[in-house]
Amino acid sequence: VIDDVNTAYFSKLLSGQKYQVIVKYVYDLGNGKGEQITEATIEAKTKAKPKPVLKLEWIGEPDALSGSCLFEDKQSVLRSCMAELYSGDELLETVSGMEFSFGSLEQFTEYTLKITYGYDLNDGEGEQTKTEVYTVKTSPYVDVTECKFIGDVASSYNQGDSIYLRFTIDNPTGAEVT
């Protein structure tokens, strides 16, 4: 029974669901027929909560990968997050949480990063999961081991000429150096 005939509130409804609201009017017109009842039925649907949206940020180092799972989650439906790192079909490591870090990796190598997250849209389906797959790569190891000026630097500088340098680079992975 609703005290205010203009407004009714319902709680504990599921998101994205259809409901049928039945309104019964009880009235007496004073015409000798007594109380009468009239019904009105209205179909209503609750607004569905949006799924969280993942934005992955990661950094590849020569022997490690690390990063963060950033979510757009306006309705706070996210329940869990897990990162798995694969080399081919082989699972190397699993990390739970929004931050991940994997070490002792091969330099300049591609890996597969799977991010699995759970969320509950309060739609009666319970917790659902989604897995997103990314190809990530560690960075190459490149080091400048020697740097020498070529020619007479002092006279070239005074005359506005080009100055040349010779670099010796340690590049065991064969990465392109420009």
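These remarks concern the structure in this document. (Residues numbered from 1 in each chain as written. Predicted model: local features only at pLDDT ≥ 70, side-chain atom pairs only at ≥ 80, totals over all residues. Heavy atoms only, no water.)

With that settled, consider unusual backbone geometry. Here the phi dihedral of S76 falls at roughly 55°; this positive angle occurs in a residue that is not glycine. Structurally, S76 can be placed in the loop between β4 (64-72) and β5 (78-87). The phi torsion at S104 lies on the positive side, around 55°, for a residue other than glycine. We classify S104 as exposed; its relative accessible area is 76%. (Helix = DSSP H or I, 4+ residues; strand = E, 2+ residues; numbered from the N terminus. Buried < 20%, exposed > 50% of the residue type's maximum accessible area, 1.4 Å probe, protein only.)

Spatially, four strands are ordered β6-β5-β8-β9 in an open sheet, and the strand pairing comes out antiparallel. Both outer strands of the open sheet, β6 (90-96) and β9 (128-137), are each paired with one neighbouring strand and no more. On average, adjacent strands in this sheet sit at an angle of 20° to one another, irrespective of strand direction. In this structure, β5 lies alongside β6, joined through six bridges in antiparallel fashion. The residue of β6 that forms the bridge with L85 is E93. (Pairing = 2+ DSSP bridges. Axes fitted to C-alpha atoms, helices over the stretch in contact; angles between N-to-C directions.)

Turning our attention to the pairing of strand β1 (residues 18-28). Working note: regular strand, side chains alternate between the two faces of the sheet. Relative to strand β2 (residues 35-45), β1 is paired through eleven bridges, and the arrangement is antiparallel. What sits directly across from D28, in β2, is E35. Between β1 and the antiparallel strand that follows it, β2, lie six residues; G30 among them carries a positive phi value of about 70°.

This part takes up the sheet that holds strand β3 (residues 53-61). Taken together, three strands build an open sheet; the order of strands is β3-β4-β7 and the sheet is antiparallel. Looking at the sheet topology across the chains shown, the edges are occupied by β3 and β7 (99-102). Strand-to-strand twist across the sheet, computed as the mean angle between neighbouring axes with direction ignored, equals 15°. In the sheet, β3 pairs with β4 via nine bridges, with the strands oriented antiparallel. Bridge assignment links G60 to a residue of β4, and that residue is L65.

Together, V142, V144, F149, I163, L165, F167, I169 and V177 give the surface a local cluster of nonpolar side chains, amounting to about 680 Å² of exposed area. Among the secondary structure elements, those contributing two or more residues to the nonpolar patch are β10 (143-150) and β11 (164-170). Of all the elements, β11 adds the most residues to the nonpolar patch, at three residues. The topology assignment puts I169 in strand β11. (Patch = residues over 30% accessible without salt bridge, like charges linked within 9 Å, V, L, I, M, F, W, Y side chains within 5 Å. Areas by Shrake-Rupley, 256 points an atom, 1.4 Å probe, with all protein chains shown as cover. Salt bridge = Lys/Arg side-chain N within 4 Å of Asp/Glu carboxyl O.)

Nonpolar side chains in soluble globular proteins generally cluster together in the buried interior. Counting 21 residues, the largest nonpolar core has C69, L85, F100, F102, L113, I115 and Y117 as its most contacted members. Element by element, the count of residues in this core is highest for strand β8 (residues 110-119), at five residues. Once residues lying within four places of it in the same chain are set aside, the contact partners of F102 are D63, A64, L65, A83, E84, L85, E93, V95 and L113. (Core = buried A, V, L, I, M, F, W, Y, C linked by side-chain atoms within 4.5 Å. Contact = heavy atoms within 4.5 Å.)

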